[in-house]
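Structural description and commentary
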Amino acid sequence: AATNWVLKDTLGKVVRMAWASKMGRKFDPDAKRWRFRASLIYALGNGLEVGTYLRPQCFLVLAMLANSCKQMSMLTSSATRNALYNSFRRAEDASPSSSSSGGAVAKGINAARNGTAAAAGGGSRRGSGGVENIGDITAKGEAQIAVVDLLGIASGIFLSRAVG
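To start, this report covers the structure provided alongside it.

About the thresholds
- Residues numbered from 1 in each chain as written.
- Predicted model: local features only at pLDDT ≥ 70, side-chain atom pairs only at ≥ 80, totals over all residues.
- Heavy atoms only, no water.
- Helix = DSSP H or I, 4+ residues; strand = E, 2+ residues; numbered from the N terminus.
- Contact = heavy atoms within 4.5 Å.
- Areas by Shrake-Rupley, 256 points an atom, 1.4 Å probe, with all protein chains shown as cover.
- Core = buried A, V, L, I, M, F, W, Y, C linked by side-chain atoms within 4.5 Å.
- Buried < 20%, exposed > 50% of the residue type's maximum accessible area, 1.4 Å probe, protein only.
- Phe/Tyr/Trp six-rings, centres within 6.5 Å; stacked < 30°, edge-to-face > 60°.
- Patch = residues over 30% accessible without salt bridge, like charges linked within 9 Å, V, L, I, M, F, W, Y side chains within 5 Å.
- Salt bridge = Lys/Arg side-chain N within 4 Å of Asp/Glu carboxyl O.
- Expected span 1.5 Å × (residues − 1).
- Bend = angle between axes of the 7 residues up to and from the residue.

**Some remarks on the overall build of the protein chain**
Helix and strand counts for the protein chain stand at 6 helices and 0 strands. Walking the protein chain from its N terminus toward its C terminus, one meets helices and strands in the order α-α-α-α-α-α. Across the protein chain, the fraction of contacts at a sequence separation of at least 24, relative to all contacts at a separation of at least 6, is 62%. Put simply, the protein chain shows about 10,500 Å² of open surface, and 63% of that area lies on carbon and sulfur atoms.

**A few points about the nonpolar core**
Listed in full, the 8 residues of the largest apolar core are Trp19, Met23, Phe27, Trp34, Ile41, Cys69, Met72 and Leu75. Within the residue set of this core, elements represented by two or more residues are α1 (2-23), α2 (31-54) and α3 (59-86). Counting residues per element, this core draws most heavily on α3, at 3 residues. Setting aside anything within four residues of it in sequence, one finds Cys69 in contact with Ile41, Leu44, Gly45 and Leu48.

**Digging into the packing of aromatic side chains**
Applying the stated criterion to the full structure yields 2 aromatic pairs. Relative to Trp34, the ring of Trp19 lies with its centre 6.1 Å away and its plane at 75 degrees, an arrangement referred to as edge-to-face. Here the residue Trp19 occupies a position in helix α1, and Trp34 occupies one in helix α2, the gap between them amounting to 15 residues. The pair formed by Trp19 and Trp34 is uniform in burial state, with each residue classed as buried. Ring centres of Phe27 and Trp34 lie 5.3 Å apart, and the angle between their planes is 70 degrees; this geometry places the pair in the edge-to-face category.

**Quick notes on the side chain of Asn67**
Relative to the helices and strands, Asn67 resides in helix α3. Under the relative-accessibility criterion, Asn67 is labelled buried at 12%. Ignoring any residue separated from it by four or fewer positions in sequence, one finds Asn67 in contact with Lys8, Asp9 and Gly12.

**Here we look at a nonpolar patch on the surface**
Together, Leu150, Ile153 and Ile157 give the surface a local cluster of nonpolar side chains, amounting to about 300 Å² of exposed area. Locating Ile153 in the fold gives a position in helix α6 (residues 134-163). By relative accessible area, Ile153 is classed as exposed at 51%.

**Things to note about α3**
Here α3 is 28 residues long and its end C-alpha atoms lie 40 Å apart, about the 40 Å a rise of 1.5 Å per residue gives. At Thr80, α3 is bent by approximately 40 degrees, the largest bend along its length.

None of the figures reported here should be taken as evidence of function without further support.
Here it is, written out as structure tokens:
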């Protein structure tokens, strides 16, 4: 039994690496769509995980597929997070008429795309006095994820009690 769990996890990690090398470049141009696809892939993984209880004789195959789907989903979700949150960013001094603010905006956008420290700090000052709010957006997004997770747990408890 322990060997099956190790194989399941190992194969899931291998699929995650293959997914990253094959699909990684496709995430940036269409982050919102890939983020949505990631949630669908995660739901598929959950469904396959339930299938392991229904078909214990196919445990290794179903568990490996479920884990692979979840690994691909988590990678896709984390890879698109900055690009998605950056699309909601507030740039107060982003007028192209000022050469210093235009340079600061381009620098901030490039930092956000590269995931550098300048993009991670919410409320940080930029060269021309503008304020980035990517940290605020990220925090609110994570809070929304927690709320949805709690609603999912509550609905699961309710459904399990209703079914018996």
